[in-house]
Every structure is written in structure tokens, then in C-alpha cells.
Amino acid sequence: MTTFTKQKDFELTTVEIVKPTVGGGYETYPLIQKMVEFTIYQDIFNSVLSGKLVLMDSADILSKIPLTGNEFLRVGIKYPDTSLTGLLDSTLSFAEPLDGLISNIDSLLSEIDFNDIFGGLGNFVGGFLQDFIQSNVPALPSIQNLFSTILGLTDFKRKTQWHLFRIYKADNSQVVNDNTKLETLRLISPEYVWNLQTKFNRNFQKEQISSVIAAYFTELKQFFQDTHPEIYAQKLKQDALTIEETSGLVNFSSVQANPFTMINSFCSTAISNLDSSANFVFFQNNVGFNFRSLASIFSQDNALQFFCKNPNIAEDKQSAFSLNALAFEAMNRLQSFDVINNLREGLYGSRLLSVDPLRKKWYKKDYKLSEEFFKYIGSEGVVGTGNLQIESNFEGMDQINARQMLLQSSKGHDTEPYLKALDPSLVDHQVESVAQLRASQLRLMEQAKTYIRVPGHPSINAGLKCQFNMPNFNALDPSTRNKYLQGSYVITACAHHISTSKYEIEAELVKSDFFSKIGFGGI
């Protein structure tokens, strides 16, 4: 990765209202000169992106469009392409044999659209570089200097990220003076409008949940292709879909149900095929839609680092903190604990009574956080470690009666011969494995949240795991790191604030693990 902290690395290229017209076309109204701020909100517990656009309007442009509720907002942000930057860095290194280096350079050239950079001279420049490399294999320093010169003058390491929103509301104008007023447009992902307009009436028999969700998005993609394809073209090309494979089969019927309502209902029942974990979340970020388990999110590799510069350390000795990282400008601990809600929501413990109407039986299962928590004491990189601020004495924490759940059970319905003879489509929904753990884990995530503000970059998204480098300001050795705050975090929510002169992100982080082992008595 490369450090992206320079404001000049970003360019707001497009801010425009796109208004569909009769006949399938559309009109555009540029707003970049009137924009004050464009904000995107992401949250792993919200299904779609939302946002707002604030305008300084002295020409009453919104009345001239006019807005009818069918308009889109299209925004383009040009930013450093870190994948190409990394490829460039590895290509120009001399750490591998000559043949490998030449192969890397060929791969790099294939990633560059020279016509986009040099216009009509693109093919000439690309061909020249290919010929130069083949005829000057021994002259590696010359190749390196040529690349550094040409690439330093071009824009090849930058690409454009496109955002498309539906404008669903205009707030009341705020008068600045006699001729100027502030206008705020409220934005929502166009997928959410499709969701509200769509009702599914389907019967699914013995289907994987992940397959059902994929079918929903096939319908969504087809809708975009059939409705204003020119407007949705960039979204269809750019957006990705990440669906974690689920285990087991389900039977259910959707009657006049919105797609996202159904998908969100699966979050509380799905079980991952990767590690049999529960607790799925369905959310959208700048990359696309995600249906993933919290376990997979918390166990992924760190994608980037956040660091805090220590004023007690000389600048030349802070490289350990600043390499491939973003310096955060503000930090605040959002939450610590709330015993009343923890008891009410079943963090410390709960009792599940599940009733099987076919067998005319009921089951009782007690969940105790203490038994789960002791598995993770002193371990590194384990999901859940560090999320709980708790005393060493667990007396009084096993409050299984504080929350009791009553659910319908289908335990063993897919394996009992006489039940299968009654109805071959019966499946085990495994509520006994999911319900209590999900309630406790979701509450656990509320215990230790941290807020930071960092320089902006489109690759910082909800659901991303990052390394949080925090110096220990009170230590005798100022280069040591804070063993409690240092570690891995997951971005659970973030807001991208973009203007023509500034780009910054406010992020909410939840701790994933501790940087070093911490004994039980030290918590």
C-alpha cells in the first residue's frame, strides 16, 4: 500500500444532477461550482448507502431544473489507484531475477491505458516502451529512470470512482443573504428505491440462503440493465457483490415481501459455510453490497493502518508508526459499558426455550458469556477479544434469567426418518445455535467503540479491518505502543465528507483483538 494523505491526490471531477427524459434519454445539470459538501454514510448495520449534497445557490438552479423526485446525483472522484502503485513499486525493484523483472514490467504496461493518458499518441508511447524494454534489457537503471519520468508526468496511477444516488428529498432552504441560500439534497442508493418498488412472491424449497440472495441481485441487475442503462452503466461496471456461502438448506415463502426485508431476516438465521459462525450483516459500501458473517469480517487481514504521531518522538523515528498508514486527526472513545442494556439484551447470558410443534417437545438452552469469554483470554487475533471491558470477578455475570427467548424449533427435522416421511422438505433452521450467540455478540460490539477522523480515501469503507497504531504517551520509552488501544479494529460505520478543497472521513471502529497478550488480571 501507499500512503495517501496528500489533498492533491484527489480531484472531484463530476457533480451533476441526471434527469431522465421522455424517450429514454436524460439531461445533466453540473453543480460542481455550487457544491459546498458531498457526504456519504456507510454502516454495516444499514442495507444501503445514504448521503447528502449541500449547495450554495445564488441562481435558484433547483427551481430551474425542476426537481420532481425522479432525478439522480452522479459524482466522480479521481484518486490514486493503489493496485497499480503497488505493481509499479514491485516492478521497479531489483529483488528478483531479470526475467521476472521484465515480465513484471510487461504486466504493468498491460494495466495502463495509454490512449487515456496521451490521447492519439497512446499507442505510440506504449509501443515505444515495449521496444525500449526489449532492446535495453541490461540497462535496468535507464528503464527505471524512464518509468519514473514518464509516470511522474502522467495520470496513470489515478482512477475515477463513481457514485450514483437517487435524490429523494430537498430540505428547506437556509437563507444566507438576499441573493444566496443553502440547499440540501438528501440522497439514497437507487437500489433502495428498487427494493421499495419490488415485491417478491416466491416459494423456495431446500435452498441455500446465499443462493437465494444471489437470485435477488440477479433481478436487481436485470432491472438496471432494462431501465435507463446509460445512467446505470458505470454502477453496473464498478459495483461488486460479496455473498458469503451459507451452510444448510432452508424452506420459506416470500409473499409480497421486499427483497432487502427478506435478506435482513436471513442475517439472524444464516450460518456460515466457512466456519459455522452465525451473525450475518447485510450492507452496502463504496465497493458494493455485502452479505457476510461478523466472524469473517473480524478475521480478515488488516487492509491499512491508522497511526497517531507522538510529539515526544523525533520525526525520523516515527517510521514504524507512519509506514503505509494514515495519521488520524482526532480520536474519542464512544462507549464503554451499559449494564442495564447489557442485561436486557442478553450480553452476559440468556435462556432459550425452543418449542418443536411437530414433536410436541420443548428444549432449554442456557448461554453464558463467561464460558465463551474464557476461551479468548490472552489470545491474539481471535474474534471478540478486546471488545469487552470486564472485571476479573465473574460473579453476577451469568444472568441467564435477565433475557429469555421463546422460539420455534426445527431441531433434527432433516434427519429424523419419520419426520422426513411426513414432509421431505423439512430442514433444521438451527435456531439453538444462532439466536443467543447473535444477541450477545451484537451487544458485545457496543462495549468499546472508538471514533477517529482521518484524511479521506475512497478505499476506506465500512466492513474494512485496520491496524490501529497508538503510542503510549505516558511510558518512559515514548516509542512503545499502548497495549490496550493498540491492535486491530473493524470499521463499523463511516462518513465520507468531500468538498472541492478537502476530503476527510469520520469512522466508528470496534476492537477486534489486542496487539499483545494481556493477562486476565490486567483487563
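Look up: the structure comes first, before these words.
Residues numbered from 1 in each chain as written. Predicted model: local features only at pLDDT ≥ 70, side-chain atom pairs only at ≥ 80, totals over all residues. Heavy atoms only, no water.

Participant: Help me understand the sheet that holds strand 18 (residues 361–368), please; the structure alone is not making it clear to me.
Facilitator: The strands that make up a sheet are held in pairs by hydrogen bonds between backbone atoms, and each pair lies either parallel or antiparallel. Pairing is mixed across the open sheet formed by three strands, whose spatial order is 18-17-19. Every other strand in the sheet has two partners, leaving strand 18 and strand 19 (404–408) as the edge strands with one partner each. Pairwise comparison of adjacent strand axes, ignoring direction, gives a mean angle of 20° for this sheet. Running over the sheet, helix 16 (residues 431–444) touches strand 17 (349–356), strand 18 and strand 19 and is turned about 35° from strand 18. (Pairing = 2+ DSSP bridges. Helix = DSSP H or I, 4+ residues; strand = E, 2+ residues; numbered from the N terminus. Axes fitted to C-alpha atoms, helices over the stretch in contact; angles between N-to-C directions. Contact = heavy atoms within 4.5 Å.)

Participant: In this structure, what is going on with the nonpolar core? I would like to understand it.
Facilitator: Considering soluble globular proteins, one finds that nonpolar side chains tend to be buried as a cluster. Judged by nonpolar contacts, the single largest core of 42 residues is most densely connected at Phe38, Leu53, Leu73, Phe306, Ile491 and Leu509. If we skip the residues at most four places from it in the chain, Phe38 touches Lys52, Leu53, Leu73, Val75, His163, Phe165, Leu187, His496, His497 and Ile498. (Core = buried A, V, L, I, M, F, W, Y, C linked by side-chain atoms within 4.5 Å. Buried < 20%, exposed > 50% of the residue type's maximum accessible area, 1.4 Å probe, protein only.)

Participant: Explain the side chain of Glu71 to me, please; I cannot follow it from the model alone.
Facilitator: Position of Glu71 relative to the elements: it lies in the loop between helix 1 (61–64) and strand 5 (72–80). Polar side-chain contacts of Glu71 include one of 3.0 Å to the backbone nitrogen of Gly69. Apart from residues lying up to four places away in sequence, Glu71 is in contact with Ile17, Val18, Lys19, Pro20, Pro66, Phe165, Arg166 and Ile167. (Polar contact = N/O pair within 3.5 Å; in protein donor to acceptor, adjacent residues only side chain to side chain.)

Participant: How do you make sense of the packing of helix 7 (residues 190–197) against helix 8 (residues 209–226) when you look at a structure like this?
Facilitator: Each pair of packed helices can be summarised by the angle the axes make with each other and by the distance between the axes. Between helix 7 and helix 8, whose axes approach to 11 Å, the crossing angle comes to 105°. Classified by the angle their axes make, helix 7 and helix 8 are roughly perpendicular. Judged by residue contacts, Pro190, Glu191 and Trp194 of helix 7 engage Tyr216, Glu219, Leu220, Phe223 and Phe224 from helix 8. (Parallel < 35°, antiparallel > 145°, perpendicular 65-115°, else oblique.)

Participant: Even after reading the chapter, I still don't get the sheet that holds strand 13 (residues 288–293), so can you show me in this structure?
Facilitator: The sheet built from three strands is open, its strands ordered 10-13-12 with mixed pairing. In this open sheet, the two strands that pair with only one neighbour each are strand 10 (240–243) and strand 12 (280–284). On average, each strand axis in the sheet is inclined to that of its neighbour by 10°, with strand direction left out of account. Sheet topology note: the strand 12/strand 13 ladder contains five bridges and is antiparallel. The residue bridging Phe280 from the neighbouring strand is Ser293, located in strand 13.

Participant: Would you mind going over helix 16 with me for this structure?
Facilitator: Given 3.6 residues per helical turn, the α-helix brings residues three or four places apart onto the same face. Over its 14 residues, helix 16 runs 20 Å from end to end, which matches the ideal 20 Å to within 8%, given 1.5 Å per residue. By the largest-angle criterion, Arg438 marks the main kink of helix 16, which is about 25°. Three or more residues of helix 16 are buried, namely Val431, Glu432, Val434, Ala435, Gln436, Arg438, Ala439, Ser440, Arg443 and Leu444. (Expected span 1.5 Å × (residues − 1). Bend = angle between axes of the 7 residues up to and from the residue.)

Participant: Teacher, can you tell me more about a nonpolar patch on the surface here?
Facilitator: Taken together, the side chains of Val36, Met56 and Val176 make up a nonpolar region of the molecular surface, amounting to roughly 220 Å² of accessible area. Looking at the secondary structure, you find Val176 in the loop between strand 7 (174–175) and strand 8 (181–188). (Patch = residues over 30% accessible without salt bridge, like charges linked within 9 Å, V, L, I, M, F, W, Y side chains within 5 Å. Areas by Shrake-Rupley, 256 points an atom, 1.4 Å probe, with all protein chains shown as cover. Salt bridge = Lys/Arg side-chain N within 4 Å of Asp/Glu carboxyl O.)

Participant: Before we go on, may I ask you to explain the pairing of strand 20 (residues 449–455) in this structure?
Facilitator: As a general feature of sheets, a regular strand has side chains that alternate between the two faces. Burial within strand 20 is extensive, with five of its seven residues counted as buried. Here strand 16 (residues 330–333) runs beside strand 20; their pairing, made up of four bridges, is antiparallel. Directly across from Arg333, in strand 20, lies its bridge partner Thr450.

Participant: Looking at this model, I keep getting lost on the packing of aromatic side chains. Mind explaining?
Facilitator: What describes a pair of aromatic rings is the distance from one ring centre to the other and the angle between the planes of the rings. In this structure the tally under the stated criterion is 14 aromatic pairs. Judged by centre distance (4.8 Å) and plane angle (25°), the rings of Phe280 and Phe291 are stacked. Here Phe280 is found in strand 12, whereas its partner Phe291 is found in strand 13, with 11 residues between them in sequence. On the accessibility criterion, Phe291 (1% relative accessible area) is buried. Every member of this aromatic cluster is reached through a ring pair, and the members are Trp194, Phe217, Phe260, Phe282 and Phe289. Over the ring of Phe72 we find Arg166, and its NZ or CZ is 5.3 Å from the ring centre. (Phe/Tyr/Trp six-rings, centres within 6.5 Å; stacked < 30°, edge-to-face > 60°. Lys NZ or Arg CZ within 6 Å of the ring centre and 35° of its normal.)

Everything listed here is a matter of coordinates, which is why it stays silent on function.
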